[in-house]
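Structural overview
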Amino acid sequence: MKTDTVLLQIKNLKAYFSSTLVLKDISLDVSTNKVVALIGPSGCGKSTFIRCLNRMHEETPEAHVQGEVILNKQNIYAPSADPVLIRRKVGMVFQKPNPFPGMSIFDNVALGLRLLGIRKRSVLEEKVHSSLVQAALWNEVKNILKRPGTSLSGGQQQRLCIARTLATTPSVILMDEPTSALDPVSTMRIEELIRHLVQTVTVVIVTHNMQQASRISDNTAFLLNGELVEYEKTSRLFTNPSDPRTEQYITGRFG
């Protein structure tokens, strides 16, 4: 029987805004090449949690973290850890597609590579091509790479942002409600893409849509008031939750 390899370990994570505690002692493991969904009512700490996984939380004034986030056996909060390098390993896709304005489709994807010092055109072209293929966007944009990224439809823009994230070869991609601003067809394409991407990367996704969580994730975490109530295989959590609060939430009795 194959044993899952743990890629990301969260140990006793607490997150604060100034003196206000917003995440309360969360511990969980994320396995390689899995999709983990985070569910819970608005304001429960889902977005704060994923922002702690690539050190974006501390970018907010007076925000800070206690505990450990261990990626590939290295604590990303160790004094020697470089947040810039961490964010290349742990990419982020936001709720609203955010192609860089004034940049072409090609340059949107290539920017992270250029920031890494890659200048050779053939290398850039190869990586942009492979990233757009991975993001299931290449066939739609291969003849318009010089057009602005903002000229694409909303769903295409979100896939462009995913391609931009993939270009720096992350181990993990964090997605904060990546389909909430999209139409049903675009949402379906992103969901299909996520299930394809998990062959090569690990995905942690915040979603308000419990049907989406049940469709695309391997494991689901239920957060409530900054606490991790339950973390389980998705099939089990949605059919036989161990905590009554989980059952109440997924059956619509609150939230």
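Up top is the structure.
It should be emphasised that the depicted structure is a prediction, and the values quoted were computed from it without experimental measurement.

1. Examining the pattern of salt bridges
Using the criterion set out here, one finds eleven salt bridges in the structure. The partner of Asp 25 in a salt bridge is Lys 14, and the shortest N-O contact between them spans 3.5 Å. Of this pair, Asp 25 sits in strand E2 (residues 20–31) while Lys 14 sits in strand E1 (residues 6–17), and the two are eleven residues apart along the sequence. Residue class for Lys 14 comes out partly exposed when judged on its relative accessible area of 25%.

2. Topic: the pairing of E2
Relative to E2, E1 runs antiparallel, the two being bridged by eight bridges. By the bridge assignment, Phe 17 is partnered in E2 with Thr 20. The hairpin formed by E1 and E2 contains two residues between the paired strands, and Ser 18 there has a positive phi angle of roughly 55°.

3. As for the sheet that holds strand E9 (residues 219–224)
Adjacent strands of a sheet form backbone hydrogen bonds with each other and so pair up, either parallel or antiparallel. Strand order in the open sheet made by the six strands is E6-E7-E8-E3-E9-E10, with mixed pairing throughout. Two strands bound the open sheet, and with one partner strand each, they are strand E6 (90–93) and strand E10 (227–233). Across the sheet, the mean angle from the axis of one strand to that of its neighbour is 20°, orientation sign disregarded. In this sheet, strand E8 (residues 202–206) lies alongside strand E7 (residues 172–176) in parallel orientation, the contact comprising five bridges. Residue pairing in the sheet places Ile 173 in a bridge with Val 203 of E8. Along the sheet, helix H6 (residues 154–166) makes contact with E6 and E7, crossing E6 at roughly 170°.

4. Focus on the packing of H6 against helix H7 (residues 184–197)
One way to put it is that H6 packs onto H7 with a least axis distance of 9 Å and a crossing angle of 20°. Taken together, the axes of H6 and H7 are roughly parallel relative to one another. The way H6 lies across H7 gives a crossing that is right-handed. Of the residues in H7, those touching H6 at Gly 155, Gln 158, Arg 159, Ile 162 and Leu 166 are Ser 186, Arg 189, Ile 190, Leu 193 and Leu 197. Classifying every residue of the contact of H6 with H7 by side-chain character gives five nonpolar, three polar and two charged.

About the thresholds
- Residues numbered from 1 in each chain as written.
- Predicted model: local features only at pLDDT ≥ 70, side-chain atom pairs only at ≥ 80, totals over all residues.
- Heavy atoms only, no water.
- Salt bridge = Lys/Arg side-chain N within 4 Å of Asp/Glu carboxyl O.
- Helix = DSSP H or I, 4+ residues; strand = E, 2+ residues; numbered from the N terminus.
- Buried < 20%, exposed > 50% of the residue type's maximum accessible area, 1.4 Å probe, protein only.
- Pairing = 2+ DSSP bridges.
- Axes fitted to C-alpha atoms, helices over the stretch in contact; angles between N-to-C directions.
- Contact = heavy atoms within 4.5 Å.
- Parallel < 35°, antiparallel > 145°, perpendicular 65-115°, else oblique.
- Left-handed = near helix turned anticlockwise from the far one by under 90°.
- Nonpolar A, V, L, I, M, F, W, Y, C, P; charged D, E, K, R; others polar.

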